[in-house]
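Here is what each chain is made of, one letter per residue.
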Amino acid sequence: MNSLRRRERWQPLRRSPHLGAWYTILYVQVLIAIAVGILIGHYFPNTGVALKPLGDGFISLIKMMIGPVIFCTVVHGIGSMRDLKKIGRIGIKTLFYFEAVSTLALGLGLLVGELLQPGRGFNIDPATLDPNAVAGYVHRAQEEGIVAHLLAIIPETFIGAFAKGDLLQVLLVSILTGFAISQLGDLGERINGVIDAMAKIFFEMIRIIVRAAPIGAFGAMAFTVGAYGVASLVNLVELIATFYLTSILFVLLVLGTIARLAGFSILRFIAYIKDELLIVLGTSSSETVLPHMIQKMQRLGASKPVVGLVIPTGYSFNLDGTNIYMTLATLFLEHATNTPLSIGQELGILAIAMITSKGASGVTGAGFVTLAATLAIVPDIPIQSLAILLGIDKFMSECRALTNLVGNGVATVVISRWEGELDVTQLKAAMAHPIALGEELEEEPV
């Protein structure tokens, strides 16, 4: 009977009457907002810069909800499981998958950078660059060493994790709380029911906030173009094009192959999360859609425990776009400054990047900081050469965030399938009509 009800729910994926006109659909509104933002930023740059608070405000609204959503999702998922070995097994599979795919991303960036050599011919003398331009990034990277980063996962207080908004701190207290509830028997089940009810409240708040996504995307895009200008792309367009091309290849070939083995199409999956991708494109931050991704992955057929562990953890440990950027940008700087590196040194950079890339969140600019951390450890390439990338990093961050988002979504489905907790019927129904389904889910109450 349950399976029959599920089929009845997922088969009628026709356009429902309540969806309204095309201009009421979220992704259409975001697309229009991005286009208008680009035009205003280009033709009225001062106005574009002044619109920055619109983007910042939307990001702040979403970030306000991330801590509570992660807490409720993770606690309810772990608290529902009585088998602690299962939790450990999911965690080990998740970290193994993240490390394997992250290494592929780093390797692809290194390979493409060596083959295409986008920085060749720049002949930049690092002595002519202003080291003060990147001093702040270098200082931040040095402060965020490996040991310091590991210790920073532990919050000063339980509430402090939510006040600070650190994803890994919130994840730590959520996992501990979930473990505790899973050991409380009947009392734990009653507490878990309350946690689930709280999650519904927070997701409903997210549904309200996300309707402001076009305003946030409009302000963020107007500021980006107004502050940096389209002209800033011209000198370094080769690197930007190479990075976008490499990211597309990674999504279509690497993630596409993984998705196919897991039983779904990467192109249909991208169509399913189109709203989230457009919001990320407008805001340059994958954190703005983290709560929405949790909800959408559950509706795709992935189990709550897996979604609760994989999505938040992936935001720190599965940053495919950031990994590609780190090795590709490093080789760009190598060629631009005529700094010869041996194969051994390049492999050493890959090994170091495997460590420094962990812990970078979905916030704009985090990829630049991790790149600074890598170059700080590898003294061969002058650290001041980072100044070359300052003007275009904002345009690169959008591609990093988009690739990271797709990678984490694919990881969630794959690990759910490994655990035997993926509703394959629900997944196939969603993938059969991803665009129509996405529109219906947008209007459904959470």
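Note that the structure is predicted; figures quoted are calculated from it, not measured. (Residues numbered from 1 in each chain as written. Predicted model: local features only at pLDDT ≥ 70, side-chain atom pairs only at ≥ 80, totals over all residues. Heavy atoms only, no water.)

### Quick word on the packing of helix α16 (residues 304-317) against helix α21 (residues 393-418)
It is at 9 Å that the axes of α16 and α21 come closest, and there the two elements cross at 150°. On the basis of their axis angle, the class for α16 and α21 is roughly antiparallel. When you trace α16 past α21, the crossing you get is right-handed. On α21, the residues that touch Val306, Val307, Val310, Ile311, Gly314 and Tyr315 of α16 are Leu405, Asn408, Ala411, Thr412, Ile415 and Ser416. A per-class count over the contact of α16 with α21 returns eight nonpolar, four polar and no charged. (Axes fitted to C-alpha atoms, helices over the stretch in contact; angles between N-to-C directions. Helix = DSSP H or I, 4+ residues; strand = E, 2+ residues; numbered from the N terminus. Parallel < 35°, antiparallel > 145°, perpendicular 65-115°, else oblique. Left-handed = near helix turned anticlockwise from the far one by under 90°. Contact = heavy atoms within 4.5 Å. Nonpolar A, V, L, I, M, F, W, Y, C, P; charged D, E, K, R; others polar.)

### Quick look at a nonpolar patch on the surface
Residues Leu111, Leu115, Leu116, Leu245, Ile248, Leu249, Leu252, Leu253 and Leu267 make up a contiguous nonpolar surface patch of roughly 870 Å² in combined accessible area. Counting residues per element, the ones that place at least two in the nonpolar patch are α5 (84-116) and α12 (237-262). Broken down by element, the nonpolar patch gets its largest block of residues, five residues, from α12. By the secondary structure assignment, Leu111 is in helix α5. (Patch = residues over 30% accessible without salt bridge, like charges linked within 9 Å, V, L, I, M, F, W, Y side chains within 5 Å. Areas by Shrake-Rupley, 256 points an atom, 1.4 Å probe, with all protein chains shown as cover. Salt bridge = Lys/Arg side-chain N within 4 Å of Asp/Glu carboxyl O.)

### Quick word on the pattern of salt bridges
Tallied over the full model, the rule gives seven salt bridges. For the salt bridge of Asp196 with Lys304, the shortest nitrogen-to-oxygen distance reads 3.3 Å. Residue Asp196 is found in helix α10 (residues 185-209), and its partner Lys304 is found in helix α16; the two are separated by 108 residues along the sequence. Between Glu204 and Arg207 there is a salt bridge; the shortest N-O distance is 2.8 Å. Taken as a pair, Glu204 and Arg207 lie in helix α10 at a separation of three residues, close to a single helical turn.

These figures capture arrangement, not role.
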